[in-house]
Number of protein chains: 2
Amino acid sequence: MPSSTSDRPQRLRVQNFFVSRDGVAAGEDQSLERPFGHVDPGKLAAWAGATASWPNRTDPGGSRGLDDRIVRDFTHNIGAEIMGSHKFSPFRGPWENEDWTGWWGDDPPFHTPVFVLTHHTRPSFSLGDTTFHFLEAGPGRALAVAQEAADGKDVRLGGGVTTVLEFIAADLVDELHIAVAPPEIGSGLRLWDSPADLEDRYEHESVLGPSGTEHHFFWR
Amino acid sequence: MPSSTSDRPQRLRVQNFFVSRDGVAAGEDQSLERPFGHVDPGKLAAWAGATASWPNRTDPGGSRGLDDRIVRDFTHNIGAEIMGSHKFSPFRGPWENEDWTGWWGDDPPFHTPVFVLTHHTRPSFSLGDTTFHFLEAGPGRALAVAQEAADGKDVRLGGGVTTVLEFIAADLVDELHIAVAPPEIGSGLRLWDSPADLEDRYEHESVLGPSGTEHHFFWR
């Protein structure tokens, strides 16, 4: 049994991406106080927060079943992440200063190089063993840069939803894991109308976990 | 999201343990030609062999859904394995010679120290980045030795079924993932009469995967 020992090419993977029953991944009106805008991310991420492997867990315990296997797969064979600028920060336009270092505190959960796609680049910096780089590039070149940094491993596409859709449209995403939480949200930024939207491009499998979260896997 | 960064104690885990619908894990009359005795292991392992991450895969491709996530979790945070002598070899009694190096070829899938419990010890040897040690010890001392070697990571209890049952009886196993394949086998070495047998000791969750394999997770 593995680590997926690969002489295989480096893949671009979306992992543990949270949406609501009706496909909403984030709200509008993102702000410093509300990184997901009007959407309460707790509603989408509760299943992950209940697992033993959730990195923000403060008490011991937590479940060690299906959801935990999926949460702890987040880092499996990942050598770099690409994220959109809205995942990195709530600010738009040029940086007023460079005090903002992301939402994740002193030890971000990435533990690899992270490439933030932005029109407003700034110097790279490190927090824990994560290094953030700022890159003005389209999806194709961004992927090439991230693959080079990933040292033979796969690259994670971290979001947000606009960035995921842009890379799917560019036909660069090799696999996705989307976790559909039970609540409906109504309005917001949508990943899809339904999971079937991706079936023309990908193999698709889904499983309803004991927590009520439906895990969708797509690959090619 | 993780690697389960642990200040938590090292856990003893059974991972990707295959049984039939009726709880049979191996046949009787193990031999060099038939490591699982009269049981065809292909019947129990087909779901794993169909995944992209299966280490014995010779062609590219393979599924990348639920079963794949579980297969590739095999090495997650594992620093050592303990196995019974029947998992290591079909021979009984003193070694006639030390030519036998296991069923796994030149690059066994463990990639850690492996402790083979046996009354017939022999010198340690390495294949790839797996090192086999031979240890005459009961479950408690075997676990202590393996934990020391695991360098802070968890220990996998690899089987066979008799060894798993012995460690459960000694109350040393912290979690199990058991994959129940659809076929019934009838006779053989059983892990259980039913998964409910373990519910007095463990939290229990199960999920029926798209491949027809039912994954059972137990933890404490």
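Residues numbered from 1 in each chain as written. Chains lettered and ligands numbered in written order. Predicted model: local features only at pLDDT ≥ 70, side-chain atom pairs only at ≥ 80, totals over all residues. Heavy atoms only, no water.

Overview of the relation of the copies chain B and chain A
What relates the two chain copies is a rotation about an axis together with a slide along it. To keep it simple, the criterion reads: The copies were overlaid with a least-squares fit restricted to C-alpha atoms from residues scoring a pLDDT of at least 70 in each copy. Contact definition: two residues touch when any of their heavy atoms are within 4.5 Å.
The two copies are related by a screw operation: chain B maps onto chain A through 180° of rotation and 0.0 Å of translation along the axis, at an RMSD of 0.0 Å. As the rotation angle and translation indicate, the two copies are arranged about a two-fold axis. Most of the interface of chain B is mirrored in chain A, where 100% of its interface residues again form contacts.

Points about the pairing of strand 8 (residues 175-181) of chain B
Residues and elements named next belong to chain B. Going by this rule: Whether a residue is buried, partly exposed or exposed follows from its accessible area with a 1.4 Å probe, protein chains only, as a fraction of its type maximum: under 20%, in between, or over 50%, in that order. Here a helix means four or more residues in a row that DSSP labels H or I, a strand means two or more in a row labelled E, and each is numbered from the N terminus. Whether two strands pair comes down to DSSP finding at least two bridges between them.
Most of strand 8 is tucked away, with seven of its seven residues classed as buried. Side chains of strand 8 alternate between two faces, with Glu175, His177, Ala179 and Ala181 and Leu176, Ile178 and Val180 buried alike. Note: strand 8 against strand 11 (residues 214-219), six bridges, orientation antiparallel. Among the inter-strand pairings, Glu175 is bridged to a residue of strand 11, identified as Trp219.

A few points about the UniProt feature "domain: Bacterial bifunctional deaminase-reductase C-terminal" (unreviewed entry) in chain A
Which entries qualify depends on this criterion: UniProt positions are given in the numbering used here, feature names are shortened, and annotations may be inferred rather than shown by experiment.
If you check UniProt for "domain: Bacterial bifunctional deaminase-reductase C-terminal" (unreviewed entry), the listed places come out as residues 16-195 of chain A in our numbering. In the segment residues 16-195 of chain A, helix accounts for 22% and strand for 24%; the C-alpha atoms at its two ends are 15 Å apart.

Remarks on the interface of chain B and chain A
A common way to report how large an interface is uses the accessible area buried once the components associate. Spelled out, the test is: What counts as buried area is the accessible surface, traced by a 1.4 Å probe, that two parts surrender upon association, with contributions from both included. Any Lys or Arg side-chain nitrogen found within 4 Å of a carboxyl oxygen on Asp or Glu counts as a salt bridge. Pairs of N or O atoms within 3.5 Å make up the polar contacts considered here, provided that, within protein, one atom can donate a hydrogen while the other can accept it, and that residues adjacent in sequence are counted only when both atoms are side-chain atoms. Residue classes follow a fixed rule: Ala, Val, Leu, Ile, Met, Phe, Trp, Tyr, Cys and Pro count as nonpolar, while Asp, Glu, Lys and Arg count as charged, and any other residue, Gly among them, counts as polar.
Facing the 37 residues of chain B at the interface are 37 residues of chain A. Taking both partners together, chain B and chain A bury about 3,500 Å²; carbon and sulfur atoms supply 57% of that area. Here chain B and chain A share eight salt bridges between them. Between Arg69(A) and Asp73(B) there is a salt bridge, with its nearest N and O atoms 3.2 Å apart. Where chain B meets chain A, there are eight residue pairs in polar contact (both at pLDDT 80 or more). Of the residues forming the side of chain B that touches chain A, the biggest block, five residues, is contributed by helix 2 (residues 66-72) of chain B. Taken together, the residues of the side of chain B that touches chain A break down into 14 nonpolar, twelve polar and eleven charged.

With respect to the nonpolar core
The cut-off we apply is this: Side-chain atoms within 4.5 Å are what join buried Ala, Val, Leu, Ile, Met, Phe, Trp, Tyr and Cys residues into a set we call a nonpolar core.
Counting 32 residues, the largest nonpolar core has Phe18(A), Trp47(A), Phe18(B) and Trp47(B) as the members making the most contacts within it. Broken down by secondary-structure element, the contributors of at least two residues to this core are helix 1 (41-49), helix 2 (66-72), strand 8 (175-181) and strand 11 (214-219) of chain A together with helix 1 (41-49), helix 2, strand 8 and strand 11 of chain B. Counting residues in each nonpolar core, the second largest holds 30 residues, with Val155(B), Ile168(B), Ile178(B) and Leu191(B) among its members.

Describing the environment of Val207(A)
With respect to the helices and strands, the residue Val207(A) is situated in strand 10 (residues 203-208). Owing to a relative accessible area of 3%, Val207(A) belongs among the buried residues under this scheme. Spatially, the C-alpha atom of Val207(A) lies 9.9 Å from that of Ala179(A), the residues being 28 residues apart in sequence. Contacts of Val207(A), omitting those with residues within four sequence positions, involve Thr213(A), Glu214(A), His215(A), Phe217(A), Leu66(B), Val207(B) and Leu208(B).

Some details on the packing of aromatic side chains
The following threshold applies: Here a Phe, Tyr or Trp ring, Trp counted by its six-membered ring, pairs with any other such ring whose centre lies within 6.5 Å, and the pair is stacked when the planes are under 30 degrees apart, edge-to-face when over 60, and tilted otherwise.
One pass over the structure, following the stated rule, counts 30 aromatic pairs over all chains. Arranged with centres 6.1 Å apart and planes meeting at 80°, the rings of Phe88(A) and Trp95(A) form a pair that is edge-to-face. Classification of Phe88(A) as buried rests on a relative accessible area of 0%. With relative accessibility at 21%, the residue Trp95(A) sits in the partly exposed group. With centroids separated by 5.0 Å and ring planes inclined at 85°, the aromatic side chains of Trp104(B) and Phe110(B) adopt a geometry described as edge-to-face. Assessed through its relative accessible area of 2%, Phe110(B) is described here as buried. Cluster of aromatic residues (ring-pair linked, three or more members): Phe88(A), Trp95(A), Trp104(A), Phe110(A), Phe125(A), Phe132(A) and Phe134(A).

As for the environment of Asp22(A)
Residues and elements named next belong to chain A. Its place among the elements puts Asp22 in the loop between strand 1 (12-20) and strand 2 (24-26). Distance in space between the C-alpha atoms of Asp22 and Gly152 is 36 Å, their sequence separation being 130 residues. Non-local contacts of Asp22, meaning those with residues more than four positions away in its chain, are made with Pro183, Glu184, Ile185, Gly186, Arg190 and Trp192. Within the structure, the side chain of Asp22 is placed 3.0 Å from the backbone nitrogen of Ile185, a separation counted as a polar contact.

Focus: the pattern of salt bridges
A complete count under the given rule lists 28 salt bridges over all chains for this structure. A salt bridge links Arg64(A) to Glu175(B), with the shortest nitrogen-to-oxygen separation between them at 3.4 Å. Placement of Arg64(A) in the loop between helix 1 and helix 2 and of Glu175(B) in strand 8 is noted, with the two residues assigned to different chains. Comparing Arg64(A) with Glu175(B), the two get one shared label, buried. With its nearest N and O atoms 3.8 Å apart, the salt bridge here joins Arg21(B) to Glu214(B). In this pair, Arg21(B) sits in the loop between strand 1 (12-20) and strand 2 (24-26) while Glu214(B) sits in strand 11, placing the two residues 193 residues apart along the sequence. The class for Arg21(B) is partly exposed, based on a relative accessible area of 35%. Given the relative accessible area of 22%, Glu214(B) is considered partly exposed.

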